[in-house]
Amino acid sequence: MSSNHTLLLTILVFFLGSIFCNVSPAFGSKTHADSWIPVKNLNGPKLVKIGKFAVGEHNNKANSNLMFDKVVKAEIHQGYGIEYNLTIVAKGGARNDKPKTYVALVVYDQFMDSSHLVSFKGPIYV
Ligand SMILES: *[C@@H]1O[C@H](CO)[C@@H](O)[C@H](O)[C@H]1NC(C)=O
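Residues numbered from 1 in each chain as written. Predicted model: local features only at pLDDT ≥ 70, side-chain atom pairs only at ≥ 80, totals over all residues. Heavy atoms only, no water.

Draft legend 1. A look at the overall build of the chain. Secondary structure summary: the chain contains four helices and five strands in total. Its helices and strands in sequence order give the chain the pattern α-α-α-β-α-β-β-β-β, from N to C terminus. Taking all 126 residues of the chain together, 33% fall into the buried category. Sequence separation of 24 or more characterises 45% of the internal contacts of the chain that already satisfy a separation of 6 or more. Working note: accessible area of the chain is about 8400 Å², and carbon and sulfur atoms make up 59% of it. (Helix = DSSP H or I, 4+ residues; strand = E, 2+ residues; numbered from the N terminus. Buried < 20%, exposed > 50% of the residue type's maximum accessible area, 1.4 Å probe, protein only. Contact = heavy atoms within 4.5 Å. Areas by Shrake-Rupley, 256 points an atom, 1.4 Å probe, with all protein chains shown as cover.)

Below, the structure is given as structure tokens:
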């Protein structure tokens, strides 16, 4: 499948997903605070894959060369896809660069098995 088709299908899935959520009170009535679920296992392969994706995608967009180190905090939220709010430690490319902390928001689309980087902020100081 070409990437254009993938993009169109992704948009379609998101669109249908948002309609579904709007007509379904079970999905729409939760508040922001209680709808984010903390992830306990920060070394799980799936989570690490999403973390590496976020750093790689940020590098592509920002023309930077951060290297993923680890995920130090993660929360997920089931919306039109699975939203991942990850606090990530990454290092710059230079030998003496210190690890810094970033916050990335990724949406993973289960149907398409594809991820999308929504935002990548930082470094933040914790
Ligand atoms: C994501 O997590 C960070 C760090 O805990 C927090 O500051 C931020 O508000 C969260 N973002 C969202 C969209 O919940």
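There is more to say, and it comes next.
Draft legend 2. Representation of the side chain of Thr87. By secondary structure assignment, the location of Thr87 is in strand S3 (residues 82–91). Apart from residues no more than four positions distant in its own chain, Thr87 is found in contact with Lys70, Val71, Val72, Lys73, Thr101, Tyr102 and Val103.

Draft legend 3. Structural context of the side chain of Thr101. Inspection of the secondary structure puts Thr101 in strand S4 (residues 100–109). Given a relative accessible area of 12%, Thr101 falls into the buried group. With residues near it in sequence (within four places) discarded, Thr101 still touches Thr87, Ile88, Val89, Gly122, Pro123, Ile124 and Val126.

Draft legend 4. A look at helix H4 (residues 45–62). Between its first and last C-alpha atoms H4 spans 25 Å; for 18 residues at 1.5 Å apiece the expected length is 26 Å, and the two agree. Within H4, burial applies to Leu47, Val48, Ile50, Gly51, Ala54, Val55, His58 and Asn59. The inward-facing, buried residues of H4 contact strand S2 (67–78), S3, S4 and strand S5 (114–124). Directly beyond the C-terminal end of H4, a positive phi value near 50° is found at Asn63. (Expected span 1.5 Å × (residues − 1).)

Note that every value here comes from positions in space, so none of it alone points to a role or purpose.
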